[in-house]
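Tertiary structure, described
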Amino acid sequence: QVQLVESGGGLVQAGGSLRLSCVASERISSFYTMAWFRQAPGKEREFIADILLSTGYTDYADSVRGRFIIFRNNARNTLYLQLNSLQPEDTAVYYCAASRRTYPGRQYDYWGQGTQVTVSS
């Protein structure tokens, strides 16, 4: 069973930065796509960013474009999310996801347990 383990969350002041990590239990080059989602209290899970592993192509939600960066390190089997210019509305649990092939509607085969990001005003 594939495992994804997120880390790097914590408490940060508005305007600050964090870097989240997602370590996979197998080579991330075996995945088709990997992604980050987040879920704030009382809200539905929200797509943040994804990356096509074969080419490095990335896509971002409008709410984070220009502030967050998704990238990976194949040698470390790790996906990253750099969060800059953080605001209180970014407070949420952030989840890592991976898929082995393309699916309609942003479906993913594997999910991590999540890491909490809290931004103070």
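Overview of the structure. Being a predicted model, the structure only gives us computed values, none of them experimental. (Residues numbered from 1 in each chain as written. Predicted model: local features only at pLDDT ≥ 70, side-chain atom pairs only at ≥ 80, totals over all residues. Heavy atoms only, no water.)

Turning our attention to the overall build of the chain. In terms of regular secondary structure, the chain is built from zero helices and eleven strands. Along the chain, from the amino end to the carboxyl end, the secondary structure elements read β-β-β-β-β-β-β-β-β-β-β. Against the compact-globule benchmark of 14 Å for 121 residues, the chain has a radius of gyration of 14 Å, which places it among compact chains. Burial status across the chain gives 45% buried among its 121 residues. Put simply, 54% of the contacts in the chain that link residues at least 6 apart link residues at least 24 apart. Across the chain, 12 positive and 10 negative side-chain charges occur, with their mean positions spaced 6 Å apart. (Helix = DSSP H or I, 4+ residues; strand = E, 2+ residues; numbered from the N terminus. Rg over C-alpha atoms; globule rule 2.2 N^0.38 Å. Buried < 20%, exposed > 50% of the residue type's maximum accessible area, 1.4 Å probe, protein only. Contact = heavy atoms within 4.5 Å. Lys, Arg positive; Asp, Glu negative; His and termini not counted. Charge placed at Lys NZ, Arg CZ, Asp CG, Glu CD.)

Turning to its location among the elements, D50 is positioned in strand 5 (residues 46-52). Classification of D50 as buried rests on a relative accessible area of 12%. Here R106 takes part through its side chain, which lies 2.5 Å from a polar atom of the side chain of D50. Once residues within four sequence positions are removed from consideration, D50 is found in contact with M34, A35, Y57, T58, D59, I70, R106 and Y108. (Polar contact = N/O pair within 3.5 Å; in protein donor to acceptor, adjacent residues only side chain to side chain.)

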